[in-house]
Amino acid sequence: MEVNCEGCAGCCIDWRPVSPVPLDHERRSGRLPLDDTYNLVSLTRDEIGRFVDAGHGDALTPRLWRPADGDASVTIDDRAVAAIDGRPAFVVGLRKPPKPVAPFGLDRRWLRGCVFLDPDSLQCRIHGDHLYPGECADYPGHNLALDRETECERVERVYGGERLVDGRDPPTGHLRLGPAALGTTVFAHPDPARLDGVADRLVAGTLRPADRAEFVGYAVASLPGSLTVDDDRAAAVREAVLGSSSWLSGVLDAWAARATAVGDDASNAALGIEDEAGAPATPGWDAIHPGGEG
Ligand code: SF4
Ligand code: SF4
C-alpha cells in the first residue's frame, strides 16, 4: 500500500465545504451518526487511555448512532439511539476544530480538521509516536480490506492527481469487527439516565466538556469483550479528562474563537498558534521526499 499524502490531508479534515460533489459515505444508510463529524477516527480503549494519560483527554469526543433497521435502541432526549442490551452504543474519536488549511492546492480556508493536524504542513503532529492511532497508521488499509472506497480515491475523483499510488497488501492488524469490538472499539454506556440533553447537544454540535468526559470515562473503564464497566475507574478518568492540560487545551478554544464559517477564506489567519503553545513540530514534506516529489 502506498499513498501520496503531500498537500492532501483528505482523511484528516472535513472537506465537504470545498467539494463540488456530496461526500456522504458515513451517512448514506444504516446506522447514522448523531454528530456531523466527517471521517471520525475511532480509537481503541487502550489508545483512549493513552490520550487521557498524556493530558489530551479533551481531544476526544463520542459518537452515537440512530438505530438501523433491526437495531435495538434506547431513547435519549426523545431520540432513538442504537443500543446493546439497553445501553447506548458509542465509539470515541478525535475532535475536529475549525483550522485554517489549504488542501488540494486550494487557497487557505476554515475547515474542520483533526486536533493533531498541523494546519501549515498538513502533517500529523503525532505521526509514529506512542499516541498515533492504529486506524491512522493503517489508513486506507481498513477500507481496502473491506473493499470500500478510500478517501484518497475521493480526493482523486474531485481534485485529480494520484493519491492512492498502490492499493495492494493493505494491513489488517487493527481491523476489529463483530463481538470482539465490544469494550475494545465499541462501548456501551451503562446508565442512559445520566445522558439527559447529551443526544440533543451531540446533534447540535454543542457537546460540553462533561459530556465528552462521560463517554471517555466509560470507554476506558470497559472490560474488553463484555458490557462490564468499572464505575470507580470511569469516575477517575472523567476527572482526569476534565483536568486535561496540554498544548492543545487552549488551542481548541483559540481556533474556535478565530474561525468564521467553515469554507470561509482564512488567508489572514495566524498559523503559529499551535507551535507557540508547544505542539510537537512536523518535519515538512522535503524531509520525507528530499527530491520534493510526492
Ligand atoms: S486521503 Fe489518502 S492521500 Fe490523502 S492524506 Fe489521507 S491517506 Fe494520504
Ligand atoms: S491523528 Fe494524525 S493522521 Fe490521524 S486524523 Fe489526526 S492528524 Fe490525521
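Higher on the page you've got the structure.
Residues numbered from 1 in each chain as written. Chains lettered and ligands numbered in written order. Predicted model: local features only at pLDDT ≥ 70, side-chain atom pairs only at ≥ 80, totals over all residues.

Taken together, C12, V41, L94, C114, F116, L117, C124, I126, P133 and C136 form the complete shell of residues around ligand 2. Taken together, the residues of the shell around ligand 2 break down into 10 nonpolar, no polar and no charged. (Near = placed C-beta within 6 Å. Nonpolar A, V, L, I, M, F, W, Y, C, P; charged D, E, K, R; others polar.)

Another aspect to go through is the packing of helix 1 (residues 45-53) against helix 6 (residues 209-220). Packed helices, taken two at a time, are described by their axes: the angle between them and the distance between them. In contact at an axis separation of 9 Å, helix 1 and helix 6 are set at 125° when each is read in the N-to-C sense. Overall, the two elements helix 1 and helix 6 adopt an arrangement that is oblique. Seen from above, helix 1 lies across helix 6 with left-handed handedness. Together, R45, I48, G49 and V52 of helix 1 and V216, A219 and V220 of helix 6 make up the contact between the two elements. The residue makeup of the contact of helix 1 with helix 6, split by class, is five nonpolar, one polar and one charged. (Axes fitted to C-alpha atoms, helices over the stretch in contact; angles between N-to-C directions. Helix = DSSP H or I, 4+ residues; strand = E, 2+ residues; numbered from the N terminus. Parallel < 35°, antiparallel > 145°, perpendicular 65-115°, else oblique. Left-handed = near helix turned anticlockwise from the far one by under 90°. Contact = placed C-beta atoms within 7 Å.)

Moving on, we come to unusual backbone geometry. The linkage connecting Y139 with the following residue, P140, adopts the cis geometry, with an omega of 5°. Residue position: P140 is located in the loop between helix 2 (134-138) and helix 3 (141-145). Its identity as a non-glycine residue notwithstanding, F104 has a phi of 60°, on the positive side. Looking at F104, the number of C-beta atoms within 10 Å reads 20, which means it is buried. Residues other than glycine seldom take positive phi values, yet D147 does so here, at roughly 60°. With respect to the helices and strands, D147 occurs in the loop between helix 3 and helix 4 (151-159). Under the C-beta neighbour-count criterion, D147 is labelled exposed, with 6 such atoms within 10 Å. (Buried ≥ 20, exposed ≤ 12 C-beta atoms within 10 Å, placed from the backbone.)

This paragraph deals with the site of ligand 1. By nearness alone, 13 residues border ligand 1, and C5, C8, G10, C11 and C152 come closest of all. The element that contributes the greatest number of residues to the shell around ligand 1 is helix 4, accounting for three residues.

Axis separation between helix 6 and helix 7 (residues 231-242) bottoms out at 8 Å; the angle between their running directions is 140°. Classified by the angle their axes make, helix 6 and helix 7 are oblique. Crossing geometry of helix 6 relative to helix 7 is assigned as right-handed. Seen from helix 6, the contacting residues are P209, A210, R212, A213, E214, V216, G217, Y218 and V220; seen from helix 7, they are R233, A234, A235, V237, R238, V241 and L242. Split by residue class, the contact of helix 6 with helix 7 holds 11 nonpolar, one polar and four charged.

A separate point is helix 4. Among all positions in helix 4, only E151, C152 and V155 are buried. All buried residues of helix 4 project into a common sector of 105° when viewed along the axis, lining one side. Elements that come into contact with the buried residues of helix 4 comprise strand 1 (2-3) and strand 10 (164-166). Downstream of helix 4 by one or two residues, G160 has phi in the positive range, about 75°. (Arc of directions from axis to C-beta.)

Mapped onto the fold, K99 is located in strand 8 (residues 98-101). For K99, a count of 30 C-beta atoms within 10 Å gives the class buried. In the structure, K99 is positioned 86 residues away from I13 in sequence and 9.1 Å away in space, judged by C-alpha atoms. Once residues lying within four places of it in the same chain are set aside, the contact partners of K99 are L111, G113, L117, P119 and W255.

Within strand 7 (residues 87-94), seven of the eight residues are buried, which leaves the element mostly enclosed by the surrounding structure. Direction of pairing for strand 3 (residues 60-63) relative to strand 7: antiparallel, over a ladder of four bridges. For P62, the partnering residue across the bridge sits in strand 7 and is V92. Pairing between strand 6 (residues 79-84) and strand 7: two bridges, direction antiparallel. Directly across from A83, in strand 7, lies its bridge partner P88. (Pairing = 2+ DSSP bridges.)

With that settled, consider the environment of L122. Relative to the elements of secondary structure, L122 occurs in the loop between strand 9 (109-112) and helix 2. Judged by the 23 C-beta atoms lying within 10 Å of it, L122 falls in the buried class. Sequence separation between L122 and R63 is 59 residues; the distance between their C-alpha atoms is 25 Å. Contact partners of L122, with chain neighbours within four places excluded, come to G7, C8, A9, V101, P103 and L117.

In short, geometric facts, not functional conclusions.
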